[in-house]
Amino acid sequence: MSTVKNQYKEFLINEVLRDYSGNSKDKQIHEKISVMKHEVISEPIIYVGAGTCGLGAGAGKTLEVVKSFLKDNNINARIIETGCIGLCAVEPIVDIQLPGYNRLSFQEVTADKVVPILNSMLLSNKIPDDSIILGQIEIPNAEKWNKIAYLNEHPFFAPQKRLVLKNVGIIDPVDINEYIARDGYKSYIKAINLYKPIDICDIIEKSGLRGRGGGGFPTGRKWKFANSEVNDQKYLICNADEGDPGAFMDRAVIEGDPHRLIEGMAIGAYAIGATKAYVYIRAEYPLAIERLEIAIKQAKEFGLIGKNIFGTGVNFEIKIKKGAGAFVCGEETALMNSIEGKRGMPRSRPPFPTTSGLFNKPTVINNVETFSNVSSIIYHGADWFSSTGTQNSKGTKVFALSGKIKLTGLVEIPMGTTIRQILFDIAGGIKNDKKFKAVQIGGPSGGCITEQNLDIQIDYESLIKVGAMMGSGGLVVMDEDNCMVDVAKFFMSFIQKESCGKCIPCREGTKRLLEILESITSKPKPGDNTEALDRFKGVMQIEKLCNVIKDTSLCGLGQTAPNPVLSTLKWFKDEYESHVFDRHCPAGVCQNLKVYKIDVEKCTGCTVCAKKCPVGAIIGTRKSPHFINEDKCIGCGACYEACNFEAIRIV
Amino acid sequence: MKTEIIDILQKYPAGAKENLIPILQDIQGNEGFLSKGSVIEVGNYLSMPTSKIFGVATFYNQFRFSPLGKFHIQVCRGTACHVLGSLTVLETIEKYVGVKAGSTSRDGIFSIEEVACMGACGLAPVISVNGNFHAKVNSESIKEILDSYRKQAEL
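What you see is a predicted model, and the numbers here were worked out from it, not measured in a lab.

Caption draft 1: Spotlight on the overall build of chain A. Within chain A, the regular secondary structure consists of 25 helices and 18 strands. By the compact-globule yardstick of 26 Å for 651 residues, chain A fits well, its C-alpha radius of gyration being 28 Å. With respect to the principal axes defined by its C-alpha atoms, chain A has extents near 90 × 65 × 40 Å. Residues classed as buried in chain A amount to 52% of the 651 residues present. Of the contacts formed within chain A by residues at least 6 apart in sequence, a portion of 72% connects residues at least 24 apart.

Caption draft 2: A look at the overall build of chain B. Within chain B, the regular secondary structure consists of seven helices and four strands. Based on the C-alpha atoms only, the size of chain B along its principal axes is roughly 50 × 35 × 25 Å. In chain B, buried positions account for 43% of the 155 residues. Sequence-distant contacts, at least 24 apart, represent 60% of the contacts inside chain B between residues at least 6 apart.

Caption draft 3: Expanded view of the sheet that holds strand S4 (residues 132-134) of chain B. All names here are of chain B. Strand order in this open sheet of four strands is S2-S1-S3-S4, and the pairing throughout is mixed. With partners counted over all chains shown, the strands left at the sheet margins are strand S2 (110-115) and S4, one partner each. Pairs of neighbouring strands in the sheet enclose a mean axial angle of 25°, with direction left out of account. By the bridge criterion, six bridges tie strand S1 (residues 71-76) to S2 in an arrangement that is parallel. What sits directly across from Phe 71, in S2, is Phe 110.

Caption draft 4: Seen up close, the environment of Gly 538 of chain A. Mapping Gly 538 of chain A onto the fold places it in helix H20 (residues 530-552). Judged by the 19 C-beta atoms lying within 10 Å of it, Gly 538 of chain A falls in the partly exposed class.

Caption draft 5: Summary view of the packing of helix H19 (residues 504-520) of chain A against H20 of chain A. All names here are of chain A. Direction vectors running N to C along H19 and H20 enclose 150°, while the axes themselves pass 9 Å from each other. Classified by the angle their axes make, H19 and H20 are roughly antiparallel. Seen from above, H19 lies across H20 with left-handed handedness. Across the interface between the two elements, Pro 505, Cys 506, Gly 509, Thr 510, Arg 512, Leu 513, Ile 516, Ser 519 and Ile 520 of H19 pack against Asp 534, Arg 535, Gly 538, Val 539, Ile 542, Leu 545, Cys 546, Val 548, Ile 549 and Thr 552 of H20.

Caption draft 6: The arrangement of the interface of chain A and chain B in detail. Each partner contributes to the interface: chain A provides 40 residues, whereas chain B provides 32 residues. Looking at the side of chain A that touches chain B, the elements that each hand over two or more residues are helix H3 (52-56), helix H13 (332-339), strand S10 (396-403) and strand S14 (474-479) of chain A. The element best represented in the side of chain A that touches chain B is H3 of chain A, accounting for four residues.

Caption draft 7: Broad picture of H13 of chain A. Within H13 of chain A, eight of the eight residues are buried, leaving the element largely enclosed by the surrounding structure. For H13 of chain A, the full list of buried residues reads Glu 332, Thr 333, Ala 334, Leu 335, Met 336, Asn 337, Ser 338 and Ile 339 of chain A. Tucked into the core, H13 of chain A has its buried residues touching strand S6 (235-240), strand S7 (276-281), strand S8 (317-322) and strand S9 (363-367) of chain A together with helix H2 (20-31) of chain B. The first or second residue beyond H13 of chain A is Gly 341 of chain A, which carries a positive phi of 90°.

Caption draft 8: Representation of the sheet that holds strand S11 (residues 409-414) of chain A within the structure. Residues and elements named next belong to chain A. Pairing in this open sheet of five strands is mixed, and the strands run S11-S10-S14-S12-S13 from one edge to the other. This sheet does not close on itself; its edge strands, each paired only once, are S11 and strand S13 (447-450). If you compare each strand with its neighbour and ignore which way they point, the axes differ by 30° on average. Summarising the sheet, strand S12 (residues 436-441) and S14 pair through five bridges and their orientation is antiparallel. Paired with Ala 438 across the two strands is Met 478, which belongs to S14. Those strands touched by helix H16 (residues 419-426) are S10, S11, S12, S13 and S14, and its axis lies near 135° from that of S11.

Caption draft 9: Spatial organisation of the environment of Thr 52 of chain A. Note on placement: Thr 52 of chain A falls in helix H3. Judged by C-beta crowding, with 28 C-beta atoms within 10 Å, Thr 52 of chain A ranks as buried. C-alpha separation for the pair Thr 52 of chain A and Ile 117 of chain A, spaced 65 residues apart in sequence, amounts to 23 Å. Dropping the residues within four chain positions of it, Thr 52 of chain A is found in contact with Arg 251, Glu 255 and Leu 287 of chain A together with Gly 119 and Ala 120 of chain B.

Caption draft 10: Spotlight on the domain arrangement of chain A. When the domains of chain A are assigned, the result is domain 1 (37-153), domain 2 (178-386), domain 3 (396-482), domain 4 (485-582) and domain 5 (594-650). For domain 1 of chain A and domain 5 of chain A, the distance between their C-alpha centres works out to 52 Å.

Caption draft 11: Quick look at the domain arrangement of chain B. In terms of domain boundaries, chain B breaks down into domain 1 (3-59) and domain 2 (71-154). Computed from C-alpha coordinates alone, the two centres of domain 1 of chain B and domain 2 of chain B are separated by 29 Å.

Caption draft 12: Highlighting the nonpolar core. Ile 237, Cys 238, Met 265, Ala 277 and Val 439 of chain A together with Val 126 of chain B are the most contacted members of the largest nonpolar core, which totals 224 residues. Once residues within four sequence positions are removed from consideration, Ile 237 of chain A is found in contact with Ala 277, Tyr 278, Tyr 280, Leu 335, Leu 358, Thr 363 and Ile 365 of chain A. By size, the runner-up hydrophobic cluster in this structure holds 12 residues, among which are Tyr 596, Ala 610, Cys 613 and Ile 618 of chain A.

Caption draft 13: Region of interest: the pairing of S14 of chain A. Residue and element names in this part refer to chain A. A large share of S14 lies buried, amounting to five of its six residues. Two strands pair when backbone bridges link them, and S10 and S14 are joined in this way by four bridges, in the parallel orientation. Each bridged residue has a counterpart across the sheet, and for Leu 401 the counterpart in S14 is Leu 475.

Caption draft 14: Main features of the packing of helix H18 (residues 484-498) of chain A against helix H22 (residues 563-571) of chain A. Residue and element names in this part refer to chain A. Running from amino to carboxyl end, H18 crosses H22 at an angle of 170°, the nearest separation of the two axes being 9 Å. Taken together, H18 and H22 sit at an angle that is classed as roughly antiparallel. Contacts between H18 and H22 involve Met 484, Val 485, Val 487, Ala 488, Phe 491 and Met 492 from the former and Pro 564, Val 565 and Thr 568 from the latter. Per-class residue counts for the contact of H18 with H22 are eight nonpolar, one polar and no charged.

Caption draft 15: Layout of the confidence of the model for chain A. With 99% of its residues at a pLDDT of at least 70, chain A reaches an overall mean of 92. Between the elements of chain A, mean pLDDT differs from a low of 84, seen in helix H25 (residues 638-642) of chain A, to a high of 98, seen in helix H11 (residues 258-272) of chain A.

Caption draft 16: Unusual backbone geometry, seen in detail. The linkage connecting Pro 350 of chain A with the following residue, Pro 351 of chain A, adopts the cis geometry, with an omega of 5°. Position of Pro 351 of chain A among the secondary structure elements: in the loop between H13 and S9. Following Ala 124 of chain B, the chain continues into Pro 125 of chain B via a peptide bond in cis, with omega recorded as -10°.

Caption draft 17: Expanded view of the environment of Ile 464 of chain A. Residues and elements named next belong to chain A. Turning to its location among the elements, Ile 464 is positioned in helix H17 (residues 460-465). Looking at Ile 464, the number of C-beta atoms within 10 Å reads 14, which means it is partly exposed. Along the chain, Ile 464 and Gly 446 lie 18 residues apart, while their C-alpha atoms are 9.0 Å from each other.

Caption draft 18: Main features of the pairing of S11 of chain A. Residue and element names in this part refer to chain A. Of all six residues in S11, six are buried, a share of seventy percent or more. Residues Gly 409, Val 411 and Ile 413 point to one face of S11 and Leu 410, Glu 412 and Pro 414 to the other, with burial holding for every one of them. In terms of strand pairing, S10 meets S11 through six bridges, oriented antiparallel. From the neighbouring strand, Val 398 faces S11, where its bridge partner is Glu 412. Counted along the chain from S10 to the antiparallel partner S11, the turn is five residues long.

Caption draft 19: Spotlight on the confidence of the model for chain B. Across chain B, the average pLDDT comes to 90, with 99% of residues at or above 70. Predicted as a complex, the structure gets a pTM of 0.93 and an ipTM equal to 0.90.

Conventions we followed
Along each chain, the written sequence defines residue order, and numbers are assigned to residues from 1. Chains and ligands are labelled sequentially in the order written, the chains with letters from A and the ligands with numbers from 1. At least 70 in pLDDT is required for a residue's local features to be given in this predicted model, at least 80 for side-chain atom pairs to be given and counted, and no such filter applies to totals for whole chains, interfaces and linings, which use all residues. Helical segments are the DSSP runs of H or I of at least four residues, strand segments are the runs of E of at least two, and each set is numbered from the N terminus. The quantity called the radius of gyration is restricted to C-alpha atoms. Its globule counterpart is 2.2 Å times the number of residues to the power 0.38. Partly exposed residues are those falling between the two cut-offs: more than 12 but fewer than 20 other C-beta atoms within 10 Å of their own, whereas 20 or more means buried and 12 or fewer means exposed, with C-beta atoms placed from the backbone. In this description, any two residues whose backbone-derived C-beta atoms lie within 7 Å of each other are considered to be in contact. Pairing between strands requires that DSSP locate at least two bridges from one strand to the other. All axes here are fitted lines through C-alpha atoms, helices being fitted over the stretch that makes contact, and every angle between N-to-C directions spans 0 to 180 degrees. Roughly parallel means an angle under 35 degrees; roughly antiparallel means over 145; roughly perpendicular covers 65 to 115; every other angle is labelled oblique. We call a crossing left-handed when the near helix sits turned anticlockwise from the far one by less than a right angle, and right-handed when that turn is clockwise. All the domain ranges listed were derived from an automatic or database domain assignment. Buried Ala, Val, Leu, Ile, Met, Phe, Trp, Tyr and Cys residues whose C-beta atoms connect them within 7 Å together make up a nonpolar core. Under the convention adopted here, Pro, Cys and the residues Ala, Val, Leu, Ile, Met, Phe, Trp and Tyr are nonpolar, Asp, Glu, Lys and Arg are charged, and Gly plus all remaining residues are polar. One confidence number per residue, pLDDT, is output by the predictor and ranges from 0 to 100.

Spelled out as structure tokens, the structure:
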């Protein structure tokens, strides 16, 4: 936001927010609002997608080139840094909006492509011939570009229904004016003026909103529990400790539309009677923290956070707590311990947090996506929200697509969409047209979905039925080149590192489980006679051990830790068997099982491989073919990379 | 006592134990790591035994007890990065720098850290050097990236 004094503040507070119904027919008000929504502009606007993923793809350099271009050519134009629109695969995305025209979205605008695009757009109002255009975004009463498809008709966006991500990538995340102009904070003002706290709980319960962080507990019911508690202090916490590797929707929401989160939290706090709120956010998300801090400051200036908000007597304050890098702190009771300055270890339940949570006071904790749904439910009503989705899972869900998929990024789809639609219709299928193997959903607590289950409709129950779970919504796609035993091992080593150590089943069980998986994926050690027996015992007990960990662990981390193993065992038993019986990794991933051979025909005896080999397993004399001593070989692949004659094969 | 630590401590009320983690984060942000001396100072200020503070600090992955290299390399080991080969990337970096993840090279130029997920899964595999992201890296491109940092360090 510009540093000049906010000229619209009084207007927004008095004319827009106090009139939360939005029925005003006053033409002047609408004109002002369309200026703030950037619908009526006097100078061109250049939007640069500058979320973490955009910056990773080079948006920072793009931004610099844009700035110097404007300066060199003496052009008056505004630059707005937006969040990520969700199509990470084609970042950096740059949008250009000329006065009176629809907004045009260009993909893959790396620094070298900026000048030709700006030259032709800003200097001659023409679309450059060879640039790749993602689509145009409709601006009311603006002229459209010929022969350019609309962005919302793009195959990636067309099947989506964006409620949480509505503004992400479109608006200036750190401009409260634009958020309010787009009906933001009206739900909050409406809530505190029109409804009693318990009414809000009722509306949310009726809407069918369920926690988007994993478990899927009905949000309204949770709020009611806290609402009915009588205490001098209650707390509201937003869990933004998005630790699931493969999930980044919370980051994107905060980076792209932080005010939506704040509004949702403010409504939640009012509904349960809390005056203090915390956002517990990962320290690994510096940009999200920065934008959230700015947004909170702006909301304070507008009197939306503070004491006696809009004269209603409602108090609300919000604090940011940075996480310190412990996965277990995503568990709600561990998170509360961490806020209290202790080790992030879970507490046993009951008492539940709604009775005795943070500092032993009634506490409600929800995640970013859950809170981000709240304002539109209040704005449009419970029925509007529950008209989307399936019988028991209402609304939409944001999924983060990554792995071996053509279009990686964020998608928000109505509950009930099939996974096949997400992967193949929206995201364009598997990268390099390889064969699909599985999609891992729900991170280290979730499971795999295979070809045969691709047509299930996504909701909380259907995913549990096939041995997976919603989790936070990370979808990691795997193709034929991925080894499922290796994936299970990866998750187990993650969990084993992150287990807090409080309860034995999780601390020791995951360690043993990892050991079993490691023995499955390694070669027999020469001279170790007990190894084969231990390995066999491990294979026999793996499933039983999983169930014990599941049944006896204290918190959600341990209870769900064996899921990746159980799920891969269920769907990919053949892969386990070939690791166990043949000591062979069908996908050729497990390093310890790789056997390297030198092709006698191709080897020229250059000795490069023998020099590179860290364990001296390659023997041979100069100018004659070399050989690999398999007993010594550790399968590091150094020789394979070093060979200039493609003489080394993996068998 | 160093003035910087006093400045940091004075932002928080004395004896308020719930501020322990933010204080440690601030100190690490300022000094790059948690030194024994600073932990003792924190203990005095919050009236907490040093052992308790170390207990909390060692629990969290974020806190370090030795200084970082001039260029701190964070290698993402999240799921998406893993399926796209982040292990090979990590091994290449370890070979290049000459130390394992979690330590600093002898010349003090590089330090390596494994992190769980940096939230840029769409661009996997990802590494970050002093906060600058490098996307879609592989064992080839990583060498060029590190070479450029080494050159900067030698200037």
